[in-house]
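# Examination of the molecular architecture
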Amino acid sequence: MFLVKPERRRLLQVGATVAVIALGLASRAYPQFLPAALGKYPGDALWAMMIVFALGAFATRMRTWQLALTALLICCAVEFGQLVQTPWLVELRAHPLGHLVLGSTFGWTDLLAYTAGVAMAALVDAAALFKRR
């Protein structure tokens, strides 16, 4: 008998990605609906969640912990990439879409928000988006 690996439901991953993008954009457009003490960090956590779900749409057979670790490494790479301030990157980050994707300034606390977002997304992935056959 063949052993079939568990697989993510790609459509649910894409749906989760789109939903999290909408929530992330809303968190930046309407910050008054979130506690002021949280600042911009809900948006950062949602950005990290989006990375997990988008990656999960492609890596349908990757284990949840591997998916989470890969997503966290991507988030950290983007954050540490903000330390690089070459003229073409500064110009790219000045565009609204470039700023949403790449950010602009490095912050250690952003890494905490990414970790929280990846952890939350991993829980959702393991509970609802990863189908065991």
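Residues numbered from 1 in each chain as written. Predicted model: local features only at pLDDT ≥ 70, side-chain atom pairs only at ≥ 80, totals over all residues. Heavy atoms only, no water.

## Notes on the overall build of the chain
The secondary structure content of the chain amounts to six helices and two strands. A principal-axis box enclosing the C-alpha atoms of the chain has dimensions of 55 × 35 × 25 Å. For the chain, with 133 residues in total, the buried portion stands at 37%. Partitioning the intrachain contacts of the chain with sequence separation of at least 6 by distance along the chain shows that 73% fall at a separation of at least 24. Mean positive and mean negative side-chain charge positions of the chain (12 and 6 charges, respectively) differ by 15 Å. (Helix = DSSP H or I, 4+ residues; strand = E, 2+ residues; numbered from the N terminus. Buried < 20%, exposed > 50% of the residue type's maximum accessible area, 1.4 Å probe, protein only. Contact = heavy atoms within 4.5 Å. Lys, Arg positive; Asp, Glu negative; His and termini not counted. Charge placed at Lys NZ, Arg CZ, Asp CG, Glu CD.)

## Re the packing of helix 1 (residues 10–29) against helix 2 (residues 41–58)
Close contact between helix 1 and helix 2 brings their axes to 8 Å; oriented N to C, the two are set at 160°. Viewed along their axes, helix 1 and helix 2 adopt a mutual orientation that is roughly antiparallel. Seen along the crossing, helix 1 lies across helix 2 with a hand that is left-handed. Between helix 1 and helix 2, the contacting residues are Arg10, Gln13, Val14, Ala16, Thr17, Val20, Ile21, Leu23, Gly24, Ser27 and Arg28 on the first element and Gly43, Asp44, Leu46, Met49, Met50, Val52, Phe53, Ala54, Gly56, Ala57 and Phe58 on the second. Taken together, the residues of the contact of helix 1 with helix 2 sort by class into 13 nonpolar, six polar and three charged. (Axes fitted to C-alpha atoms, helices over the stretch in contact; angles between N-to-C directions. Parallel < 35°, antiparallel > 145°, perpendicular 65-115°, else oblique. Left-handed = near helix turned anticlockwise from the far one by under 90°. Nonpolar A, V, L, I, M, F, W, Y, C, P; charged D, E, K, R; others polar.)

## Comments concerning a nonpolar patch on the surface
A cluster of nonpolar side chains, contributed by Ile21, Leu25, Leu97, Leu100 and Val101, occupies part of the molecular surface with about 430 Å² of accessible area. Elements that contribute at least two residues to the nonpolar patch include exactly helix 1 and helix 5 (96–102). Looking at the secondary structure, you find Leu97 in helix 5. (Patch = residues over 30% accessible without salt bridge, like charges linked within 9 Å, V, L, I, M, F, W, Y side chains within 5 Å. Areas by Shrake-Rupley, 256 points an atom, 1.4 Å probe, with all protein chains shown as cover. Salt bridge = Lys/Arg side-chain N within 4 Å of Asp/Glu carboxyl O.)

## A closer look at the packing of aromatic side chains
Scanning all chains against the criterion turns up five aromatic pairs. An aromatic cluster is built from Phe80, Phe106 and Trp108, whose rings are joined through pairwise contacts. (Phe/Tyr/Trp six-rings, centres within 6.5 Å; stacked < 30°, edge-to-face > 60°.)

## Topic: the environment of Pro42
Mapped onto the elements, Pro42 comes out in helix 2. Separated by 72 residues in sequence, Pro42 and Tyr114 place their C-alpha atoms 9.4 Å apart.

## Comments concerning the environment of Phe106
The topology assignment puts Phe106 in the loop between helix 5 and helix 6 (108–129). Leaving out residues up to four positions away in the same chain, Phe106 has contacts with Glu79, Phe80, Gln82 and Leu83.

## Some points on the nonpolar core
Core analysis: the biggest nonpolar cluster contains 21 residues, and Trp47, Val52 and Phe53 have the highest contact counts within it. Take this core: its biggest share by element is nine residues, from helix 2. (Core = buried A, V, L, I, M, F, W, Y, C linked by side-chain atoms within 4.5 Å.)

## Remarks on the state of the cysteines
Summed over all chains, the structure comprises zero disulfides. Left without a disulfide partner, Cys75 is nearest to the cysteine sulfur of Cys76, which lies 6.9 Å away. Note on Cys75: relative accessible area 0%, which makes it buried. (Disulfide = S-S within 2.5 Å.)

## Regarding the layout of surface pockets
Unoccupied space between atoms shows up once a probe the size of one water molecule is rolled over them. Size it by volume and the largest pocket reaches roughly 500 Å³. Looking at the largest pocket, it is lined by 25 residues, and the ones nearest its centre are Arg28, Trp47, His99, Leu100 and Val101. Elements supplying a minimum of two residues to the lining of the largest pocket: helix 1, helix 2, helix 3 (64–81), helix 5 and helix 6. Considering every element that reaches the lining of the largest pocket, the biggest residue donor is helix 1, with six residues. Among the residues forming the lining of the largest pocket, the class breakdown is 12 nonpolar, eight polar and five charged. (1 Å grid on protein atoms, 1.4 Å probe; cavity = no way out; pocket = protein on both sides within 12 Å on 5 of 7 lines; lining within 4 Å. Points joined across faces, edges and corners; volume = space filled by probe spheres on them.)

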